[in-house]
Amino acid sequence: MSAHQKETRTKIPRTIRALAVPIILVWVAYTAAVNLLVPQVEKVGMANAVSMSPQDAPAVIAAKRMGQKFGESSSDSIAMVVLIGDQPLGEAAHRYYATLVDKFKADKKHVEHVHDFWGDMITAAGVQSSDGKAAYVQLNLAGDQGSTEGNHSVDAVRQIIDDTPPPAGLKAYVTGPAPLTTDSLEASDRGMIKMTVVTMIVITIMLALVYRSVSTVLLILAIVGVEMGAARGSVAVVGHLGLMDFSTFSVPLMTALSIAAGTDYAIFLIGRYHEARQNGEDPESAYYTAFHGVGHVILGSGLTIAGAMLTLRLTRLSYFNSLAYPSALALIIVVAAAMTVAPAILVVGSRFGLLDPKRMMKTKGWRKVGTATVRWPKPILAAATSIVLLGLLAMIGYKTSYDDRRYIPADVPANVGYTAAEKHFSTARLNPDIMTIQSDHDMRNPTDMIVLDRIAKALFRIEGIAMVQSITRPLGSPIAHSSIPYQVSMASVPITQNLQFLSERVGDRKSVV
C-alpha cells in the first residue's frame, strides 16, 4: 500500500467499509421504527400546531383585550355560520337557527361566545341580507387561529352542523377567518403526498437520463428514501414527545429539503466514485477517493443549511419561526445518513458492480465552458448578470396580496361558504374589522352617544369602508328619526297640527267677550 493510500484510507471510511451491512440494517431499522411506532409527522404537526397569528401584533392584542373586556373570548378565532335559503328565510329557518344557537352555546369547550343577533327582532336586520335569503351568526371559538385547539374548535362547529340537518331549501356553511386557516392547513397536508410523489418521479427520470443505469438509479433512490424517512420520523418523534412546536407548514418544507439535500449528496458521492473509476482506480480505492472528496462538502453544506434554518427562530411570525427546529433537525439527520448509510450502500453496491459507470463522462463541453470563463471573465460576468437582472423585471408588476383565499383550492369548505355568502353579502361582512373604544366612565349617556356616532361617521368617510355598525347604528346606517335636527323639527309638529284648533278657540273667546 502506497503512502497516498494510507493517507486517504483513514479510520472513519475504513470503519464504514468494514461495517457496511450492519450500518445499512441499523438505518433501515431506525427508519422503520420512527415511522411505525409514532404517528406520521403530518398528524404530529396537527397535534402540535402553533397559532399563525403573532401574539405581540397590535391587532391580536386588541382582539384579545376586547374579548376580555366584554367577557366574550380569549382567542382570535372567529367563525361565521351562514344560512342561505332558496327563498326568503321564514319560520322554519328561524327554528333551525335557534336549534344551532342552543347547541353552540352548550358546547362550552369549543365555542366561547355566540353573537345571537338574528334571534332578536331589534338586531336581526343587521345580520340578514337585503334580499332576506341569507343570515349569519358570528362565533368566537376557543384556541387561536391555526393552533391545535383552534382547529379542533372549527371541527366541532362543523360537526354540529353535520349533526343538525337543515330544512328543505336551506343550507348552512361554516366559513370565516378561523375555518379558512384550518382548511389551508388541511389542504397543505393533502398536497404533501402529491408533491412527494411528483418530486420522486421527476428525480427518477432525471437520474435515468444522466446515469442510464437502472441499478444506479434504484440505489440512489434507496439512499434518498432512507434519508427522508429517517428525517421525517425523527422530527415526528421529537414533536410527539412535546419537545418541539411546529406547524403543518413545517412538514412540506422539511420534506422538500430532505429530498433535495439527500439527492444532491447521493449524486455528489456517486459522481465522485464514477470519476475515480474512470480514472482507472479499483472499486475500493474509488470508494475512499469518493468519501474523502465529498465528505467535507456534505458536512459543510448540510450544517450550513441547518444553521440557516435555525435563524428563522429569530422571526416574529409563527409561520416562520415554527419552521426552524423541524427543518434543522431534518437536515442534521440527512447529513448523518449521507455520511454513513450512503457510503455503506456504495460499498455493498460496488462489490457487485452495480454502481460502475455505464459510459464515459463527457467533459469536453465543460472544459470549453471553463476555458471561456477563464479567458473572458468580465464579458461572461456581465452577460450572466444581465440575464439575472432580467428576472427583476417581474418585480415591476409585483403587488402584495393578503387574501389567503387565492392560495388554497376553491373547493375547500371555507371557500365554498365564502362564495355562497358573497352572493348575498359584501366580502367585508364576513371579515369585519372591529374597533374598541374604551373610556374611564360609563358611556351610556346622551353626550357619549353623540361622540360615538361622530366616530362612526368619521370611519364611514374613510376610503374603502363600506359600512360601519355601532351602538348608534346597529343596522349599519343611522337610526331613523334619531338625528338632533329631526328631533328639533318634530317638536313643532304638534303645534302646527293644533294651530287651526287654537285659532278657533281664540275666536270663541272673542265672541264671548
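Cut-off values and rules
- Residues numbered from 1 in each chain as written.
- Predicted model: local features only at pLDDT ≥ 70, side-chain atom pairs only at ≥ 80, totals over all residues.
- Heavy atoms only, no water.
- Axes fitted to C-alpha atoms, helices over the stretch in contact; angles between N-to-C directions.
- Helix = DSSP H or I, 4+ residues; strand = E, 2+ residues; numbered from the N terminus.
- Parallel < 35°, antiparallel > 145°, perpendicular 65-115°, else oblique.
- Contact = heavy atoms within 4.5 Å.
- Pairing = 2+ DSSP bridges.
- Phe/Tyr/Trp six-rings, centres within 6.5 Å; stacked < 30°, edge-to-face > 60°.
- Buried < 20%, exposed > 50% of the residue type's maximum accessible area, 1.4 Å probe, protein only.
- Patch = residues over 30% accessible without salt bridge, like charges linked within 9 Å, V, L, I, M, F, W, Y side chains within 5 Å.
- Areas by Shrake-Rupley, 256 points an atom, 1.4 Å probe, with all protein chains shown as cover.
- Salt bridge = Lys/Arg side-chain N within 4 Å of Asp/Glu carboxyl O.
- pLDDT = per-residue confidence, 0-100.
- Left-handed = near helix turned anticlockwise from the far one by under 90°.
- Nonpolar A, V, L, I, M, F, W, Y, C, P; charged D, E, K, R; others polar.
- Expected span 1.5 Å × (residues − 1).
- Bend = angle between axes of the 7 residues up to and from the residue.

S.K.: How should I be thinking about the packing of helix α7 (residues 148–163) against helix α8 (residues 177–211) in this particular structure?
M.R.: Helix packing geometry: the angle between the two helix axes and the distance between the axes. At their nearest, the axes of α7 and α8 sit 9 Å apart, and the two run at 105° to each other. Judged on the interaxial angle alone, α8 and α7 are roughly perpendicular. Packed against α7, whose contacting residues are N151, V154, D155 and R158, the element α8 presents A178, P179, T182, D183, L185 and E186 at the interface.

S.K.: How do you make sense of the sheet that holds strand β4 (residues 170–175) when you look at a structure like this?
M.R.: In any sheet, the strands associate via hydrogen bonds between backbone groups, in a parallel or an antiparallel arrangement. One open sheet accounts for 4 strands, arranged β2-β3-β1-β4; its pairing is antiparallel. Two strands lie at the open edges of the sheet, namely β2 (111–115) and β4, each paired on one side alone. Across the sheet, the mean angle from the axis of one strand to that of its neighbour is 20°, orientation sign disregarded. Of the pairings in the sheet, the one linking strand β1 (residues 77–85) to β4 comprises 6 bridges and is antiparallel in character. In the sheet register, L83 faces β4, and the bridge partner there is A172. Sheet contacts for α8: β1, β3 (134–141) and β4; angle to β1, the most-contacted strand, approximately 100°.

S.K.: Is there a simple way to think about the packing of aromatic side chains in this case?
M.R.: Two aromatic rings are characterised by how far apart their centres lie and by the angle between their planes. Tallying each qualifying case throughout the model produces 6 aromatic pairs. Aromatic pair Y97 and W118: ring centres 5.1 Å apart, planes at 85°, arrangement edge-to-face. Linking Y97 in helix α6 (residues 91–106) with W118 in the loop between β2 and β3, this pair joins segments that are 21 residues apart in sequence. Both residues of the pair, Y97 and W118, count as buried. Summarising the aromatic geometry, the rings of Y287 and Y288 are spaced 5.0 Å apart at their centres and angled 65° between planes, so their arrangement reads as edge-to-face. Y288 shares its class with Y287; the two are buried. Put simply, the rings of Y287, Y288 and F291 pair up and form one aromatic cluster.

S.K.: Looking at this model, I keep getting lost on the environment of A324. Mind explaining?
M.R.: With respect to the helices, strands and loops of the structure, A324 is situated in helix α13 (residues 324–351). Between the C-alpha atoms of A324 and V341, which are 17 residues apart in sequence, the distance is 25 Å. Beyond its immediate stretch of four places on either side in the chain, A324 contacts M309, L310, L312 and R313.

S.K.: Just checking my understanding: could you explain a nonpolar patch on the surface for this structure?
M.R.: Together, I193, V197, V198, I201, V202, I205, M206, L209 and V210 line one region of the surface with nonpolar side chains, adding up to about 830 Å² of accessible area. Residue placement: M206 occurs in helix α8.

S.K.: Could you clarify how one ought to interpret the pattern of salt bridges in this entry?
M.R.: A side chain of one charge can pair with a side chain of the opposite charge when the charged atoms of the two come close. Using the criterion set out here, one finds 10 salt bridges in the structure. Of the charged contacts, one joins E284 and R17 as a salt bridge, the two residues approaching to 4.0 Å between their closest N and O atoms. Here the residue E284 occupies a position in helix α11 (residues 283–310), and R17 occupies one in helix α2 (residues 11–18), the gap between them amounting to 267 residues. Using a relative accessible area of 29% as the deciding quantity, one classes E284 as partly exposed. Put simply, E275 and R272 hold a salt bridge, and the shortest N to O gap is 3.7 Å. Of this pair, E275 and R272 both sit in helix α10 (residues 250–278), 3 residues apart, roughly one helical turn. Residue classification places R272 among the partly exposed residues on the basis of a relative accessible area of 25%. Overlapping salt bridges bring together D453, K457 and R473 as one network.

S.K.: How should I be thinking about the environment of A222 in this particular structure?
M.R.: Here A222 lies in helix α9 (residues 214–240). When the C-alpha positions of A222 and I12 are compared, they lie 22 Å apart, and in sequence the two are 210 residues distant.

S.K.: Is there a simple way to explain unusual backbone geometry in this structure?
M.R.: As a rule of thumb, non-glycine residues mostly have phi less than zero, and peptide bonds are mostly trans rather than cis. Even without a glycine there, the phi angle at R212 is positive, about 55°. Here R212 lies in the loop between α8 and α9. Of the residues examined, R212 reaches a relative accessible area of 56% and is grouped as exposed.

S.K.: So what exactly am I meant to see when it comes to the confidence of the model for the protein chain here?
M.R.: Predicted coordinates in regions of low pLDDT should not be interpreted in detail. Per-residue confidence for the protein chain gives a mean pLDDT of 86; residues scoring 70 or more make up 92%. Across the protein chain, the secondary-structure element scoring lowest on mean pLDDT is helix α1 (residues 3–8), at 51, and the one scoring highest is helix α3 (residues 20–36), at 95.

S.K.: Is there a simple way to explain the packing of α2 against α11 in this structure?
M.R.: Between α2 and α11, the least distance of the axes is 10 Å, while the angle of their chain directions is 130°. Considering the angle they form, α2 stands oblique to α11. Handedness of the crossing formed by α2 with α11: right-handed. Between α2 and α11, the residues in contact are I12, P13, R14, I16 and R17 and E284, Y287, Y288, F291 and H292, respectively. Counted by class, the contact of α2 with α11 contains 6 nonpolar, 1 polar and 3 charged residues.

S.K.: Even after reading the chapter, I still don't get α13, so can you show me in this structure?
M.R.: Residue pairs three or four apart in sequence face the same way in an α-helix, which turns once every 3.6 residues. Here α13 contains 28 residues, and its C-alpha end-to-end distance of 40 Å stays within 8% of the 40 Å for a straight helix at 1.5 Å per residue. Its axis deflected by about 40° at A338, α13 carries its strongest bend there. Counted residue by residue, α13 has 21 buried out of 28 residues, so it is predominantly covered. A positive phi of about 70° marks G353, the residue just after α13.

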